[in-house]
Amino acid sequence: MSTNTAPAGEKRPPVILCIGMAGSGKTTFMQRLNAHLHAKKQPPYILNLDPAVGALPFSANIDIRDTVNYKEVMKQYNLGPNGGILTALNLFTTKFDQVLGFVDKRAPSLDYILVDTPGQIEIFTWSASGSIITDTLAATYPTMVAYIIDTPRTASPATFMSNMLYACSILYKTKVPFILVFNKTDVKSHDFAVEWMTDFEAFQEALQKDKTYMSSLMNSMSLVLDEFYAHLKVVGVSAVTGAGMDDFLKAVDEAVVEYDAEYKPELERVLAERQKKKEAEKEEQMARLMKDMAMEEKGKEVKFGKSSVAKGKTPLRGDAEEEEEEEDDDDNDDYNEFKRRQRYRREDLESDDEDVDAYHADLEEHRERAEEESLKRYLSGQRLE
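A brief structural summary. These numbers were taken from a predicted model, which means no experiment stands behind them.

### Things to note about helix H7 (residues 157-174)
So, step 1. The end-to-end C-alpha distance of H7 is 26 Å, a good match for the 26 Å that 18 residues give at a rise of 1.5 Å each.
So, step 2. Three or more residues of H7 are buried, namely Pro-157, Phe-160, Met-161, Asn-163, Met-164, Ala-167, Cys-168, Ile-170, Leu-171 and Thr-174.
So, step 3. Following H7 by one or two positions, Lys-175 has its phi on the positive side, about 60°.

Put into structure tokens, the structure is as follows:
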């Protein structure tokens, strides 16, 4: 999530995220709201995030179709319609910082920023790209969700409850101010919906007419949603006739106040906690690094000759010179030892030569003595004969 915030005193136009079920009249509502604001000399800045829309009834300042080719994405990634829309939105989100830069340049001259989302509601509300876009805008501008509801199709308690449950899930997912916009009031008034939301007994009476197995489930859910209704802003509009547009803009002003009073402090708290967590992680990493360095200093030493250098340390220049001198001394000692051993070896050899000469002399003397004795025996034998 972006941490950029507008400087104090700088104009921050509200951002209206138009979300709704397919067929609820979301794009038509955008067209009517755009025309209404132009009539009031307050032209909005419009972002189109629906890559699959065929034609827009209004001109968008930033259009996802100018950046991502939805059909080409389907072919290249071998995707279906929903997968293609989701992938196109994800690709567009990777460059959303540039989009925010364009919005920031125009923000001082704007009164409203309108964002049209894909017709498949779950693609924006439950995808990572939708969360990134919502959080990035909400970090800088007062952001709210305008949930468009098809009023004629909400006349039965079952469909009404389904819409309310979906609205509740989107509210707690986005955590931004929320406006319920009952569209197509020119076909059916939204008074029944307002009554069901404000009068629990009136909704119970409508449930009694429903004899299906869903009635007991809806009865239980209505008790849960009673607290949810208390914090909602509800308006009825007609995208065809333009009725209710001023009421919607009043609800937008109230949502801006709610943003400044509740969402902005919460955002600042979350950002402060995130920054504190980052600082704690940095301190922990620094402490771990210092501990590792201390262990290395006390670790084993790598020996070079008779000198030693602590493992992980680089010898200083003076140490290197001392090591060279010590190595020279060692070499001289080794050479002297070699010469001494050579001398001993020559002396040994000379003594060995004397021993050999003496040995030969002894042999010669022994041979001569043996010859003399043999000669004497020979002569004595002849005399005996």
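The discussion continues.
### Structural notes on the pairing of strand S1 (residues 15-20)
So, step 1. Among the 6 residues of S1, 6 are classified as buried, and the element is accordingly described as predominantly covered.
So, step 2. The two faces of S1 match: Val-15, Leu-17 and Ile-19 on one face and Ile-16, Cys-18 and Gly-20 on the other face are all buried.
So, step 3. Relative to strand S5 (residues 143-150), S1 runs parallel, the two being bridged by 6 bridges. Along S5, the bridge assignment pairs Cys-18 with Ala-146.

### Notes on the sheet that holds strand S6 (residues 178-183)
Strands belonging to one sheet form pairs held by backbone hydrogen bonds; the direction of such a pair is parallel or antiparallel.
So, step 1. The sheet built from 7 strands is open, its strands ordered S3-S2-S4-S1-S5-S6-S7 with parallel pairing. Only two strands of the sheet have a single neighbouring strand rather than two, namely strand S3 (62-63) and strand S7 (233-236).
So, step 2. In terms of strand pairing, strand S2 (residues 45-48) meets strand S4 (residues 113-116) through 4 bridges, oriented parallel. Its bridge partner lying in S4, Tyr-45 is registered against Ile-113.
So, step 3. Set on the sheet, helix H1 (residues 26-39) makes contact with S1, S2, S4, S5 and S6; between it and S4 the angle comes to about 165°.

### Notes on the nonpolar core
So, step 1. In this structure, Leu-47, Tyr-147, Phe-160, Met-164, Phe-178, Leu-180 and Tyr-229 are the most contacted members of the largest nonpolar core, which totals 62 residues.
So, step 2. Top element by residues in this core is H7. It accounts for 7 residues.
So, step 3. Residues within four places of Leu-47 in sequence aside, it is in contact with Ile-62, Phe-96, Val-99, Val-103, Ile-113, Leu-114, Val-115 and Asp-116.
So, step 4. Formed by 27 residues, the second largest nonpolar core is a distinct cluster that contains Met-144, Phe-248, Leu-249 and Ala-255.

### Re the layout of surface pockets
So, step 1. Considering only enclosed or pocket space, the largest pocket measures out at about 710 Å³ in volume.
So, step 2. Lining the largest pocket are 27 residues; nearest its centre among them are Leu-171, Thr-174, Lys-175, Val-176 and Tyr-263.
So, step 3. Listing elements by their share of the lining of the largest pocket, those giving two or more residues are helix H5 (121-125), helix H6 (128-138), H7, helix H10 (214-229) and helix H11 (245-297).
So, step 4. Examining the composition of the lining of the largest pocket, we find that 7 residues originate from one element, H11, more than from any other.
So, step 5. Across the lining of the largest pocket, the residue classes break down as 12 nonpolar, 6 polar and 9 charged.

### Quick look at the environment of Val-103
So, step 1. Among the secondary structure elements, Val-103 is positioned in helix H4 (residues 96-106).
So, step 2. Here Val-103 falls in the buried class, since its relative accessible area comes to 1%.
So, step 3. Separated by 57 residues in sequence, Val-103 and Ile-46 place their C-alpha atoms 9.7 Å apart.
So, step 4. In contact with Val-103, not counting residues within four places along its chain, are Tyr-45, Leu-47, Ile-113 and Tyr-141.

Quick notes on the rules
- Residues numbered from 1 in each chain as written.
- Predicted model: local features only at pLDDT ≥ 70, side-chain atom pairs only at ≥ 80, totals over all residues.
- Heavy atoms only, no water.
- Helix = DSSP H or I, 4+ residues; strand = E, 2+ residues; numbered from the N terminus.
- Expected span 1.5 Å × (residues − 1).
- Buried < 20%, exposed > 50% of the residue type's maximum accessible area, 1.4 Å probe, protein only.
- Pairing = 2+ DSSP bridges.
- Contact = heavy atoms within 4.5 Å.
- Axes fitted to C-alpha atoms, helices over the stretch in contact; angles between N-to-C directions.
- Core = buried A, V, L, I, M, F, W, Y, C linked by side-chain atoms within 4.5 Å.
- 1 Å grid on protein atoms, 1.4 Å probe; cavity = no way out; pocket = protein on both sides within 12 Å on 5 of 7 lines; lining within 4 Å.
- Points joined across faces, edges and corners; volume = space filled by probe spheres on them.
- Nonpolar A, V, L, I, M, F, W, Y, C, P; charged D, E, K, R; others polar.

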